[in-house]
Amino acid sequence: MTVTAVVGTQWGDEAKGKVVDLLSQHADIVARFNGGDNAGHTVINQFGTFKLRLTPNGFYNPQTTCIIGPGVVLNLKTLIDEIEDIQQSGIELVNRLWVSPRCNVIMPWHPMLETIYEEAKGSARTGTTKRGIGPVYADKVSYNGIRLYDLADEQILAEKIRVQLAIKNPVFKSFGLEPLNLKAILEEKLDQYAHIREVVRESFGLLHEALSNRDAILLEGAQGALLDNNWGTYPFCTASITIAGGAAAGLGIPPHSISRVIGVAKAYTTRVGAGPMPTELTDETGGTLQREGHEYGTVTNRPRRCGWFDAQLVRFSTQLNGVTELALTKLDVLDTLPTVKICVGYQRGDTADQIWHYWEGDATWLGENQPVYIELDGWQQPTSWVRDFAQLPPNAQEYVRKIEKLVGVPVKFVSVGPARKETIIL
Ligand code: GDP
Ligand code: IMO
Ligand code: MG
């Protein structure tokens, strides 16, 4: 069997949740390796509709083990609520969920620090999900993090909170915010830990046994390549490593064990939050994409910015991730459009005859670039009923084939609706 990573190739919300749901039916293990409850993965199947924030999407199959690896940061309230919701829907999860004690925990000061940063930046703010993701990863890499390991020991935890409050409370005071109280935080975290103690167990041994048994392991990426902390549109990005290369580090498995990388790409482009987006449409067509695609953030409910498919970006993402196959999602959202455009590269004012690539500059540079488009005829027919590629309208087939050619990776899945069954497998 194989280790398959499912990763976003754009700015998140590519419908990774749906693609993982499709594949998880045959998985022995599904594991999350990055991010936190900034993620919102929508799953619609026979058990109902779920918007998963932290739990890996493998719990529908009673044989599947779900793992949250050390690369993930935990909002404990989100985790507790999510486990409860899943258990209440009649699915046994507690015995099958393994959460690494190495995971860093989001503490009350992290969202507060994030608010200070965002407000100080004013119009240059990132437009985060306000979950404290940047500050918790910052504390992690500067050895100031608090991990689940620490929550298992009251004395260690109290001392670590004391040190952090000695640093953070003066900052809060200087910004006119109420200082945090050690006792209240200690009690809250000990109580939350008591709720999840059963699922805190290191999965390293389990994963390596599964690798040697050649079990089917599915790695569920959060966010997307263009939000990656190294390669995204920094500082309009997230704090974690969102690409397939990060999956090995975030879970403790060898890079060469990942043999299949499925890059999930929406058939157009969306982005929540600030930062450059060369193909953004602020006209009626952008409105159509937003309306037809119900493009509102799963976590924050903010309207997502919408625009044409950017083959330049997705080609870059597939190279970055080593994508072996593409899952092209939400094709049906384009059904009513008379023409469709694809961006093939960028032009800059001073060098109008040269085509530029995403990786040649930073976010400011990208924001100054003009997209170069090719235009195709639309199909203006519904596609959600289609289950076989040959049944798609010829212009829709051509659109998919054109994307495949421009990106340089075969399309293996075309999604034509939110439900599991609304999928064409090539
Ligand atoms: P994720 O974060 O990558 O898992 O994506 P989200 O769940 O945040 O956003 C994807 C949204 O599109 C969800 O509301 C899905 O139910 C919906 N969706 C997924 N696939 C399709 C599709 O092929 N067509 C349409 N119309 N909606 C889809
Ligand atoms: P999924 O897994 C879309 C975006 C935020 C913001 C930037 C930084 O559902 O695809 P953060 O809170 O991470 O510090 O915010 O990243 N962002 C996402 N956008 N989908 C996501 O996750 C996202 N997670 C973070 O909107 O622009
Ligand atoms: Mg999402």
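Keep in mind that this is a model prediction, so the values were computed, not measured.

Caption draft 1: Just the pattern of salt bridges, in detail. Considering all chains together, one arrives at 20 salt bridges under this definition. Notably, a salt bridge pairs Asp37 with Arg53, separated by 3.9 Å at the nearest N-O pair. A residue pair is termed long-range when its members are at least 10 positions apart, and Asp37 in the loop between β2 (29-32) and β3 (41-45) and Arg53 in the loop between β4 (48-52) and β5 (65-68) qualify at 16 residues. Take Asp37 and Arg53: they sit in the same class, and that class is buried. Between Lys77 and Asp81 there is a salt bridge, with its nearest N and O atoms 2.7 Å apart.

Caption draft 2: How the structure looks around unusual backbone geometry. A cis geometry characterises the amide bond from Tyr234 onward to Pro235, with omega recorded as 5°. Along the chain, Pro235 falls in the loop between β9 (217-220) and α9 (244-251). Even without being glycine, Gln223 reaches a positive phi, approximately 60°. Inspection of the secondary structure puts Gln223 in the loop between β9 and α9. We note that His294 has phi near 45°; this positive angle belongs to a residue other than glycine.

Caption draft 3: Structural view of the domain arrangement of the protein. Looking at the assigned domains, one finds that the protein contains domain 1 (2-100 + 199-262), domain 2 (104-196) and domain 3 (265-425). With centres defined by C-alpha atoms, the gap from domain 1 to domain 3 works out at 24 Å. In total, domain 1 and domain 3 occlude about 3,200 Å² of area from one another, counting both sides; carbon and sulfur atoms represent 60% of this. Together, Gln10, Trp11 and Lys18 form the three largest contributors to the area buried by domain 1 at its contact with domain 3, with a combined 22%. Across the contact surface, domain 1 and domain 3 share three salt bridges. Linking Arg260 and Glu325 is a salt bridge whose minimum nitrogen-to-oxygen distance equals 2.9 Å. The interface formed by domain 1 and domain 3 includes 24 residue pairs in polar contact (both at pLDDT 80 or more). Elements with a contribution of two residues or more to the side of domain 1 that touches domain 3: β1 (3-8), α1 (16-24), β3 and β10 (258-266). Classifying every residue of the side of domain 1 that touches domain 3 by side-chain character gives 18 nonpolar, 13 polar and eight charged.

Caption draft 4: Geometry of the site of ligand 1. What surrounds ligand 1 is a group of 19 residues, the closest being Lys16, Gly17, Thr42, Asp332 and Ser415. Isolated, ligand 1 exposes 590 Å² of accessible area, and the fraction of that covered by the protein chains is 91%. Among the elements of the structure, α1 and β3 are those that each provide at least two residues to the shell around ligand 1. Taken together, the residues that form the shell around ligand 1 break down as five nonpolar, seven polar and seven charged. For the shell around ligand 1, the domains that each give at least three residues are domain 1 (2-100 + 199-262) and domain 3 (265-425).

Parameters and conventions
Residues numbered from 1 in each chain as written. Chains lettered and ligands numbered in written order. Predicted model: local features only at pLDDT ≥ 70, side-chain atom pairs only at ≥ 80, totals over all residues. Heavy atoms only, no water. Salt bridge = Lys/Arg side-chain N within 4 Å of Asp/Glu carboxyl O. Helix = DSSP H or I, 4+ residues; strand = E, 2+ residues; numbered from the N terminus. Buried < 20%, exposed > 50% of the residue type's maximum accessible area, 1.4 Å probe, protein only. Domains from an automatic or database assignment. Buried area = accessible area lost by both parts, 1.4 Å probe. Polar contact = N/O pair within 3.5 Å; in protein donor to acceptor, adjacent residues only side chain to side chain. Nonpolar A, V, L, I, M, F, W, Y, C, P; charged D, E, K, R; others polar. Near = heavy atom within 4 Å. Areas by Shrake-Rupley, 256 points an atom, 1.4 Å probe, with all protein chains shown as cover.

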